[in-house]
Amino acid sequence: MGTKQYKGIERKQARWGFAFVVPSLVFFSVFNFYPILNAFYTSFYDRRALSKLKPKFVGFGNYVRLFDPARAANPLSFYNSLKATLTFTLGTFIPLLIVSLLLAILISNLKSQKAKRFLQISYYTPAILSSVVAATIWMLIFDPRGLGNQWMNLILNTPGVDHKWKTDPVMLQVSTMLVYFWKYIGYFVILFITGLATIPQTIYEAATIDGANKSQTFWRITLPLLKPTVVLVSIMAMLQCLKTFSTQYMFYTNGSTRAPINVITFNIYITGIQDQYLGRASAMSVVLFVLMLVLTLFQFRTTKSGENIDY
Amino acid sequence: MQIRRTFNPINLLIYALLLVMVFFTLTPIVFMVTASMMTKNQILRMPFNWIPESLNWINFKRAIVGLDENYIFLRNIVNSLIVSVTVAITTVLLGSLTGYGLAKFRFRGRNVIFIMIMATMMIPFEAIMIPLYMVVMKLRIQNTYVGLILPFLVSAFGIFQMRQYLSTFPTEFLDAARVDGMSEPGIYWQIVLPNAIPVIATLSILAFRSQWDNLLWPLLVSQKDKMKTIPQYITSFAAERNTDEGAMMAAALIASIPMFVLFMSLTKYFIGGSAVYESRKG
């Protein structure tokens, strides 16, 4: 009798638990699973928005077109988009990783709590601005008459030189990287400081007793123990960079040429929304998805192995 | 009495480096503030003069009045507020409800559902925006708040955070409330929610910021000026052939004020929010 009643309560509770979960489940089905499946489906069709024509099945046609070597010469081709995205990603995340790790270690070693707090907040402040605001500020700094040239000329001692931040293809890429670096540096510094704080102080004490010097402690203790954080942060940074859009969009609207900053997301936007080639844009979306999926799976695998560290 | 530290050139170098970075991160923000009070010629003067010659508020007036003199910026601010606040509220409510369900109830398929929800974290918004755009077109909800808000009602990350946090919540409290005859929704509303305040704060800030920042989705959904959001409005200044730099900086500053206020009053939730990823491993 008693167990039966207990079972009844349990079943009633299970129903409540399910009811609490259902709204989100429905949401994700409609706004995540359906769209991604739809992206795969649409990528096999020649589909145009606002067109009365029935979508035409083209098989892998859209993908073939994206990776057609003959189209590589076209500066706005997807092939060049991939290149622009990878350049941007590598050019942003490697400096971000190295500089933020360095700053985090320097800050962690400071004695004064006040100085630590001040530095963390100062570095983090750009992150609270929206990407659009960040881009507008830097667009003015990169103006031919702007601060960018004034500072550069001061550092390089080259008075009156225009460094063409927004017009030279390479400089344009560097400029967008710089905006991103500026906006996210504080965020990654804090991630690393948190990671460093999880390394127990006793390990350092033991190392000091054993006579290890500073560089030995860094290479033999800090870095290996920080490896999970390093991997996690670098993949997060890469994922973030692969999705970049606002900065490039702003520079383009402001009059910069599109080709050097035609990153995948930007290309999807132009192809799908402006030019209305939904099938082609969907194929690009699938490529972006697969690219990021591979990185995420890699992240899961490495963070799993990271859990095995015993202090 | 203080112990005199020996002079160490390496320490000096470290301080110099740390301060150069402070200079790098903060100067552009100072630039935004001073430039918002300058005329076009002053903003792009060589060499740049950091102190505005006179406090020039005309930029703010032009930013608000707008290029078409229709005060659309005010409407755009309201739109951004509506979207960001709604998304923050739904993220917290749905996230906590689902997180609570996953953390404290045993039912068939619970783990599968949890894994499915976590799997959506691997689907970047940028990869599904085209299909979502087609959905919006089909439902004819372009240029509506529903269209702007719908894809962001809840986040898998929010659910994950809530689940992690609530799984440490003592089940005895919940059982005690059940014995007292409290209903399950009542327990959620009166016991679980008030005890999740730290996560609620972090998540709502995260959700609010993501929508306050969002440019891509409004670009797809809102073509009508009166349904645009702040980032789109600022973009319109950059798009002008003859950019009004002063007004653009003033609009950018106005757009940033809510974030500055939130940041200064709730610093730990911002910084905690970015560190939150780390707790995944724990």
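Residues numbered from 1 in each chain as written. Chains lettered and ligands numbered in written order. Predicted model: local features only at pLDDT ≥ 70, side-chain atom pairs only at ≥ 80, totals over all residues.

Novice: Please clarify how the overall build of chain A should be interpreted in this entry.
Specialist: For chain A, the count of helices and strands is 12 helices and 2 strands. N-terminal to C-terminal, the α/β element order of chain A is α-β-β-α-α-α-α-α-α-α-α-α-α-α. For 311 residues, the compact-globule estimate of 2.2 N^0.38 gives 19 Å, and the C-alpha radius of gyration of chain A, at 25 Å, exceeds that figure by more than 25%. Seen through its principal axes, chain A has C-alpha atoms that stretch 90 × 75 × 35 Å. Expressed as a percentage of its 311 residues, the buried residues of chain A come to 40%. Expressed as a percentage of contacts within chain A between residues at least 6 apart in sequence, the contacts between residues at least 24 apart total 71%. (Helix = DSSP H or I, 4+ residues; strand = E, 2+ residues; numbered from the N terminus. Rg over C-alpha atoms; globule rule 2.2 N^0.38 Å. Buried ≥ 20, exposed ≤ 12 C-beta atoms within 10 Å, placed from the backbone. Contact = placed C-beta atoms within 7 Å.)

Novice: What should I look at first to understand the overall build of chain B in this one?
Specialist: Scanning chain B from N- to C-terminus turns up 15 helices and 0 strands. Rg of the C-alpha trace for chain B: 24 Å, well past the compact-globule value of 19 Å for 282 residues, more than 25% over. Dimensions along the principal axes, computed over C-alpha positions, put chain B at roughly 70 × 70 × 35 Å. When the 282 residues of chain B are sorted by exposure, 45% land in the buried category.

Novice: Please explain the packing of helix α5 (residues 131-141) of chain A against helix α7 (residues 169-197) of chain A as it appears in this structure.
Specialist: When two helices pack together, their arrangement is captured by the angle between the axes and the distance separating the axes. All names here are of chain A. At a minimum axis separation of 10 Å, α5 and α7 run at an interaxial angle of 125°. Taken together, the axes of α5 and α7 are oblique relative to one another. Here the hand of the crossing between α5 and α7 comes out right-handed. Residues Ser131, Ala134, Ala135 and Trp138 of α5 form the contact with α7, whose participating residues are Ser175, Val179, Trp182 and Lys183. Partitioning the contact of α5 with α7 into residue classes produces 5 nonpolar, 2 polar and 1 charged. (Axes fitted to C-alpha atoms, helices over the stretch in contact; angles between N-to-C directions. Parallel < 35°, antiparallel > 145°, perpendicular 65-115°, else oblique. Left-handed = near helix turned anticlockwise from the far one by under 90°. Nonpolar A, V, L, I, M, F, W, Y, C, P; charged D, E, K, R; others polar.)

Novice: Just to check I follow, could you spell out the nonpolar core for this structure?
Specialist: One broad trend across soluble globular proteins is that nonpolar side chains are buried collectively. The biggest cluster of nonpolar side chains holds 153 residues, and the ones touching the most others in it are A:Ile137, A:Phe188, A:Val189, A:Met284, B:Ile234, B:Ala251 and B:Ala252. When residues of this core are assigned to their parent elements, the largest contribution, 16 residues, is made by α7(A). Two domains each provide a minimum of three residues to this core, namely domain 1 (16-62) and domain 2 (67-239) of chain B. Excluding residues that lie within four positions of it along the chain, A:Ile137 makes contacts with B:Pro28, B:Phe31, B:Met32 and B:Ala252. (Core = buried A, V, L, I, M, F, W, Y, C linked by C-beta atoms within 7 Å. Domains from an automatic or database assignment.)

Novice: When you look at the domain arrangement of chain B in this model, what are you seeing that I'm missing?
Specialist: Accessible area lost upon the coming together of the parts is a frequently used measure of interface size. The domain boundaries assigned to chain B delineate domain 1 (16-62) and domain 2 (67-239). Relative placement of domain 1 of chain B and domain 2 of chain B: their C-alpha centres are 36 Å apart.

Novice: How do you make sense of helix α6 (residues 125-139) of chain B when you look at a structure like this?
Specialist: Helical geometry: 3.6 residues make up each α-helical turn, so side chains three or four residues apart lie on a common side. Residues and elements named next belong to chain B. Along its length, α6 shows its largest kink, about 35°, at proline 131. Regarding α6, the residues found buried are Glu126, Ala127, Ile128, Met129, Ile130, Pro131, Leu132, Tyr133 and Val136. Remark: arginine 140 follows α6 within two positions and exhibits a positive phi of approximately 55°. (Bend = angle between axes of the 7 residues up to and from the residue.)

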